[in-house]
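# Structure at a glance
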Amino acid sequence: MTNTSLGKILDSACRSIQNQIGSGKVANYIPALARVDIKKFGAAILTLNGESAFFGDAYESFSIQSISKVFSLTLVLNQIGDKLWKRVHHEPSGNAFNSIVQLEMERGIPRNPFINAGALVLSDILLKDRTPEASIQTILNFLHEISGEGRIGINHEVAISELENAHRNASLVHFMKSCNNIENTVSDVLEVYCNHCSISMSCEELSRSMLFLAKEGFDPISNKRIISPELARRINSIMMLCGHYDASGDFAYRVGLPGKSGVGGGIVAIVPDVGVITVWSPGLNNNGNSLVGTSALEAIARISNWNIL
Ligand code: GLN
């Protein structure tokens, strides 16, 4: 495929959903996110062959929120490998990303690393032998390496807003600590988690950073192995089954690719052996996933005929 045909695919897909732009509701439980313009829309496709296509606000940074959990999962799998699965399962939850009920019934072991409880355990593991500042810096250093962009950082206004309103996440950590599934202090775990959720990146940077997942763990930008092929496959499987919380089935049905969403309105989808697509539209559906972003990815997958089958 050439840059022109890739551009045509992205253009016609994005134009087909353009009348939906502005739909959905911005996340309002984090005040700093509620102020984002709901009419923003961006999309970026990067392929393993070095081709690229961009649409709309593809270069504008936004709050990546739960998309950051893919990066913390990669770091944790490299740190402790399969031992992770003693503390977090890898099953779809069928519940909201911040649900509390299931955690009590399952004795403090979160269903998967992408619901908030699971990602909070990832933060706890990243804190092993590190201060909160060093843990956050480890995530940022990793992002700088895989994106080739040293300026990626945290939006401190979002981080403060999240920390001030982290009552539900705090209750998840407290409960897991009572089940002996958290080793560090509740406040240190929240500090790492809220800060990595508050990282700002553009569609272009996100697509570039996740190319290693389209290439079995090998990053074509830095020419480095980021993670083993086995573990890269596991991350993609978890994205496929758990990347959109209780709407993961609907996303898989409509888009057919492993993906991860965030309440900032971003979604990244991996096309194995081909490349990465990122879309951004801040209006969310009732499950907390970008409403227009999902439609855009559905159109891109349909027009390009990319799927995992
Ligand atoms: N930081 C957000 C939270 O903890 C992340 C949720 C998301 O993006 N789904 O609620």
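Shown above is the structure to which this text applies.
Note that the structure is predicted; figures quoted are calculated from it, not measured.

## Re the environment of S23
Inspection of the secondary structure assignment puts S23 in the loop between α1 (3–16) and α2 (31–34). When the C-alpha positions of S23 and P282 are compared, they lie 8.8 Å apart, and in sequence the two are 259 residues distant. Looking at S23, its side chain comes within polar contact range of the main-chain oxygen of Q20, at 2.3 Å.

## A short note on empty space enclosed by the protein
In this structure the tally under the stated criterion is 2 cavities of 30 Å³ or more. By volume, the largest cavity amounts to about 90 Å³. Considering the residues around the largest cavity, the lining is formed by 14 residues, among which S99, Q102, L103, R111 and I115 are closest to the centre. Breaking the lining of the largest cavity down by element, the ones donating at least two residues are α4 (101–105) and α5 (116–126). A per-class count over the lining of the largest cavity returns 8 nonpolar, 4 polar and 2 charged. The calculated volume of the second largest cavity comes to roughly 40 Å³. If you go around the second largest cavity, the residues you meet are H244, A247, D250, F251, N285, N289 and T294.

The rules behind the values
- Residues numbered from 1 in each chain as written.
- Predicted model: local features only at pLDDT ≥ 70, side-chain atom pairs only at ≥ 80, totals over all residues.
- Heavy atoms only, no water.
- Helix = DSSP H or I, 4+ residues; strand = E, 2+ residues; numbered from the N terminus.
- Polar contact = N/O pair within 3.5 Å; in protein donor to acceptor, adjacent residues only side chain to side chain.
- 1 Å grid on protein atoms, 1.4 Å probe; cavity = no way out; pocket = protein on both sides within 12 Å on 5 of 7 lines; lining within 4 Å.
- Points joined across faces, edges and corners; volume = space filled by probe spheres on them.
- Nonpolar A, V, L, I, M, F, W, Y, C, P; charged D, E, K, R; others polar.

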